[in-house]
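Coordinate analysis (summary)
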Amino acid sequence: RLEAKTKKNAKEMGDSFTTAIGKIAGTYVAFDLAAKGAKLLINTVLDTSKAVADLNDQAQQLNISFQAFQELSFAAIQSGVDIEKLSAAIGKMEINIGKAFETSDKAGLFKKLGIDIKALINLNGDEQLKVIAEALSKVQNQGQQAAIGVEIFGKSFLVLKPLLSNGAQGLDDFGKQARAMGVVI
């Protein structure tokens, strides 16, 4: 009888010990999962912060507000345009606007579109893009439109054409859509 009682007590202690080990292991797994989740969250926040900082830097370089650049980036993605190509084309556009203010050769290009270069040069980059997109959308001859577009934006115009095809209203519509979807910070 003593032996049976001892075996029973040993079994109960073993079961208690096994239960305790199981609880400790479960707690460890829970903490491990929580730590991995926290690390993933922190890395996601850091990656997002870096991406936002990069977008902000690009926007500042292009004389475009951060919000407008996010909207244009959304529009580019929706139109199948690479954001780097968009940035390069806007940069080229701004250089050519500056040249047009200084030389009659480039000024004539904007004059063909009915754009007052003195008014254009005082706008932000996104506003300049809208003015030019609107003017280009009114050029009926596709060959002339492409030639003028390439003169203003460089070779990237051919890629940008779908993005700019509906003029200023098309760009505004993309902006509204981006804001409605919560894409703009």
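1. Quick look at the side chain of Asp 126
- Along the chain, Asp 126 turns up in helix H6 (residues 125-137).
- Comment: no salt bridge for buried Asp 126; closest opposite-charge side chain is Lys 130, at 5.0 Å.
- The residues touching Asp 126, leaving out its near neighbours within four places in the chain, are Asn 63, Ile 64, Ser 65, Ala 68 and Leu 72.

2. Overview of helix H8 (residues 157-164)
- Residues of H8 that are buried: Phe 157, Leu 160, Leu 163 and Leu 164. Taken down its axis, H8 places every buried residue within 95 degrees of arc, on the same side.
- If you follow the buried residues of H8, they end up packed against helix H2 (66-78), helix H3 (83-102), H6, helix H7 (142-153) and helix H9 (167-180).

3. So, the packing of helix H4 (residues 104-112) against H7
- Contact geometry of H4 with H7 gives a least axis separation of 11 Å together with a crossing angle of 135 degrees. With respect to H7, the element H4 is oriented oblique. Along this stretch, H4 crosses H7, giving a crossing that reads as left-handed. Listed contacts from H7 to Lys 106, Leu 109 and Phe 110 of H4 are Ile 148, Glu 151 and Ile 152.

4. As for the pattern of salt bridges
- In the structure shown here, the tally under the stated rule is four salt bridges.
- Between Lys 106 and Glu 151 there is a salt bridge, with its nearest N and O atoms 3.3 Å apart. Of this pair, Lys 106 sits in helix H4 while Glu 151 sits in helix H7; the two residues are 45 residues apart in sequence, bridging distant segments of the chain.
- With a closest N to O distance of 3.5 Å, Lys 138 and Glu 134 form a salt bridge.

5. A few points about the packing of aromatic side chains
- Considering all chains together, one arrives at one aromatic pair under this definition.
- Between the aromatic rings of Phe 153 and Phe 157, the centroid separation amounts to 6.1 Å while the plane-to-plane angle is 15 degrees, which identifies the pairing as stacked. Here Phe 153 matches Phe 157 in class, with each residue buried.

6. Some thoughts on the packing of H7 against H8
- One way to put it is that H7 packs onto H8 with a least axis distance of 9 Å and a crossing angle of 110 degrees. The angle between H7 and H8 places the two elements in the roughly perpendicular class. Note on packing geometry: the crossing formed by H7 with H8 is right-handed. Contacts between H7 and H8 involve Gln 142, Gln 145, Ala 146, Gly 149, Val 150 and Phe 153 from the former and Phe 157, Leu 158, Leu 160, Lys 161 and Leu 164 from the latter.
- Of the residues belonging to the contact of H7 with H8, the class tally is seven nonpolar, three polar and one charged.

What counts and how
- Residues numbered from 1 in each chain as written.
- Predicted model: local features only at pLDDT ≥ 70, side-chain atom pairs only at ≥ 80, totals over all residues.
- Heavy atoms only, no water.
- Helix = DSSP H or I, 4+ residues; strand = E, 2+ residues; numbered from the N terminus.
- Buried < 20%, exposed > 50% of the residue type's maximum accessible area, 1.4 Å probe, protein only.
- Lys, Arg positive; Asp, Glu negative; His and termini not counted.
- Salt bridge = Lys/Arg side-chain N within 4 Å of Asp/Glu carboxyl O.
- Contact = heavy atoms within 4.5 Å.
- Arc of directions from axis to C-beta.
- Axes fitted to C-alpha atoms, helices over the stretch in contact; angles between N-to-C directions.
- Parallel < 35°, antiparallel > 145°, perpendicular 65-115°, else oblique.
- Left-handed = near helix turned anticlockwise from the far one by under 90°.
- Phe/Tyr/Trp six-rings, centres within 6.5 Å; stacked < 30°, edge-to-face > 60°.
- Nonpolar A, V, L, I, M, F, W, Y, C, P; charged D, E, K, R; others polar.

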